[in-house]
Amino acid sequence: MSKSQNVLDKTKPLRQKLLNHDLYKYIESPEDLRIFTQHHVYAVWDFMSLLKALQQRLTNVNVPWTPEGNTEFTYLINDIVLAEESDVNRRGKHQSHFEMYLEAMEDLGASTVQIRNFIKQIQHRTDVFLVISASDLSNPIKSFLIFTFNVIYNEHTHNILSAFTFGREELIPDMFTEIIDHLQRQYPGDNIENFKYYFDRHIEIDADEHGPMAIKLLESLCQNDINKWNSVEKTAEIALQKRLELWDGILKQILIKKAIA
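The rules behind each value
- Residue numbers run consecutively from 1 along every chain, following the written order of its sequence.
- Totals for whole chains, interfaces and linings use all residues, but because this is a predicted model, local features are given only for residues with pLDDT of at least 70 and pairs of side-chain atoms are given and counted only at 80 or more.
- Note that water and hydrogens are dropped before the side-chain values are worked out from all heavy atoms of the structure.
- In this text, helices come from DSSP runs of H or I with a minimum length of four residues, and strands from runs of E with a minimum of two, each type numbered from the N-terminal end.
- For the radius of gyration, the atoms used are the C-alpha atoms, and the globule rule reads 2.2 Å times the number of residues raised to 0.38.
- Think of it in three bands: with a 1.4 Å probe and only protein chains considered, a residue is buried below 20% of the maximum accessible area for its type, exposed above 50%, and partly exposed in between.
- Any two residues having at least one pair of non-hydrogen atoms within 4.5 Å are treated as being in contact.
- Surface accessibility in these figures is a Shrake-Rupley result with a 1.4 Å probe; residues are shielded only by whichever protein chains are displayed.
- To obtain an axis, a line is fitted to C-alpha atoms, over the contacting stretch when the element is a helix, and the angle between two such axes runs from 0 to 180 degrees between their N-to-C directions.
- We call two directions roughly parallel when the angle between them is under 35 degrees, roughly antiparallel when it is over 145, roughly perpendicular when it lies between 65 and 115, and oblique otherwise.
- Two helices cross in a left-handed way if the nearer one is turned anticlockwise from the farther one by less than a right angle. They cross in a right-handed way if the turn is clockwise.
- In the cavity and pocket records, a cavity denotes points on a 1 Å grid over the protein atoms alone where a 1.4 Å probe fits but cannot get out, a pocket denotes an open set with protein on both sides within 12 Å along at least 5 of 7 lines, and lining residues are residues with an atom within 4 Å of a point.
- Grid points are joined across faces, edges and corners, and a volume is the space filled by probe spheres set on the points.
- Classification used: nonpolar for Ala, Val, Leu, Ile, Met, Phe, Trp, Tyr, Cys and Pro, charged for Asp, Glu, Lys and Arg, polar for all others including Gly.

The protein goes by DUF3050 domain-containing protein in an unreviewed UniProt entry, where it is assigned to Mesohalobacter halotolerans.

So this is what it looks like as structure tokens:
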């Protein structure tokens, strides 16, 4: 058994909790989906920071450039960055997955004001932890983001790769594709097509390309170092737990909205 498969086996209970979470069955209308996206978008955004941290650690982005590091690592990371930062959208134009998500939110009628204001503060070079702390985001979102950036700034490369590999969507996009298909049938007037495209792209790219690439990188970085693999497993467990807390928080907001309605 590979070491990465062992991590998957050890974290299976948490993964099963995510796959069987009650959140999915309560996304029953476009309004429920709007609530979901307004919280989930922060996980779409901070994913790119994990990826860029890996690009900084595993490739040479310095100027003047020199041919340093493992060229296999460079190829794998840059290939993932190419797709995530400049994929082809439904119109055939190049666009990051985060920007695709924002457009899909706006098509659906979900507000992007909060996330856009959040990004503006980041663009002004304000410390990310200060931006998170001063925001009016819910505690589950704050906790999720703080974990991500603590890993990025304070952990070894293999732990960043663990959060990237095991802590993000794998089977979950399949579930949302089913939900969106159902919503399209029930509410044909609502524009959910961009969301379907977004999740379809994640299923296609993550399962067939990025997932195996990330596993290959992790195996190369850690090899047979037991201490590294133990650290990878611990990071994966915390990442999955933070995702569960985020899902719990989103479900709570959807249920509150349903109760008011």
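After that view of the structure, there is still more to cover.
Colleague: I would appreciate a short explanation of the overall build of the protein in the present structure.
Modeller: Across its full length, the protein carries 13 helices and two strands. Here the protein has a C-alpha radius of gyration of 18 Å; the compact-globule value for 261 residues is 18 Å, and the two agree. Expressed as lengths along the three principal axes of its C-alpha atoms, the size of the protein is roughly 55 × 40 × 35 Å. Relative to its 261 residues, the protein shows a buried fraction of 49%. For the protein, contacts bridging at least 24 residues in sequence account for 74% of all contacts bridging at least 6. Total accessible area computed for the protein in this model is approximately 13,000 Å², and 49% of it derives from carbon and sulfur atoms.

Colleague: How do you make sense of the environment of L161 when you look at a structure like this?
Modeller: The residue L161 is located in helix 10 (residues 157–166) in this model. Since its relative accessible area comes to 0%, L161 is described here as buried. Sequence separation between L161 and S220 is 59 residues; the distance between their C-alpha atoms is 11 Å. Ignoring anything within four residues of it in the chain, the contact list for L161 reads L54, A214, L217, L218 and L221.

Colleague: Mind showing me how you'd approach the packing of helix 4 (residues 30–58) against helix 13 (residues 226–260) here?
Modeller: When two helices pack together, their arrangement is given by the angle between their axes and by how far apart the axes lie. Across the interface, helix 4 lies against helix 13 with an axial gap of 10 Å and an inter-helix angle of 150°. Of the possible angle classes, the one that applies to helix 4 and helix 13 is roughly antiparallel. Our pair here, helix 4 against helix 13, has a crossing hand that is right-handed. Between helix 4, through E31, D32, I35, F36, H39, H40 and A43, and helix 13, the contact on the second element is made entirely by R243, L246, W247, I250, Q253, I254, K257 and K258.

Colleague: Is there a simple way to explain empty space enclosed by the protein in this structure?
Modeller: Rolled over the atoms, a probe sized like a water molecule indicates the empty space that remains. This structure, assessed with the given rule, holds three cavities of 30 Å³ or more. Estimates place the volume of the second largest cavity at around 80 Å³. Residue lining of the second largest cavity: 11 residues in total, with A43, V44, F47, Y198 and H202 positioned closest to the centre. For the lining of the second largest cavity, the secondary-structure elements that each account for two or more residues are helix 4, helix 6 (97–108) and helix 12 (193–222). Sorting elements by how many residues they give to the lining of the second largest cavity places helix 4 first, with four residues. Class assignment of the residues belonging to the lining of the second largest cavity gives a composition of six nonpolar, two polar and three charged.

Colleague: Where do I start with the layout of surface pockets in this structure?
Modeller: Quantified by volume, the largest pocket comes out at close to 660 Å³. Taken together, 21 residues line the largest pocket, and the ones lying closest to its centre are W45, M48, S49, K52 and I122. Looking at the lining of the largest pocket, the element that brings in the most residues is helix 4, giving seven residues. Within the lining of the largest pocket, the residues separate by chemical class into 10 nonpolar, five polar and six charged.

Colleague: Is there a simple way to explain the environment of A43 in this structure?
Modeller: You can see A43 is positioned in helix 4. With a relative accessible area of 5%, A43 lands in the buried category. The spacing of A43 and R243 is 200 residues in sequence and 8.9 Å in space, taken between C-alpha atoms. Once you skip the residues sitting within four places of it in the chain, A43 turns out to touch F144, R168, R243 and L246.

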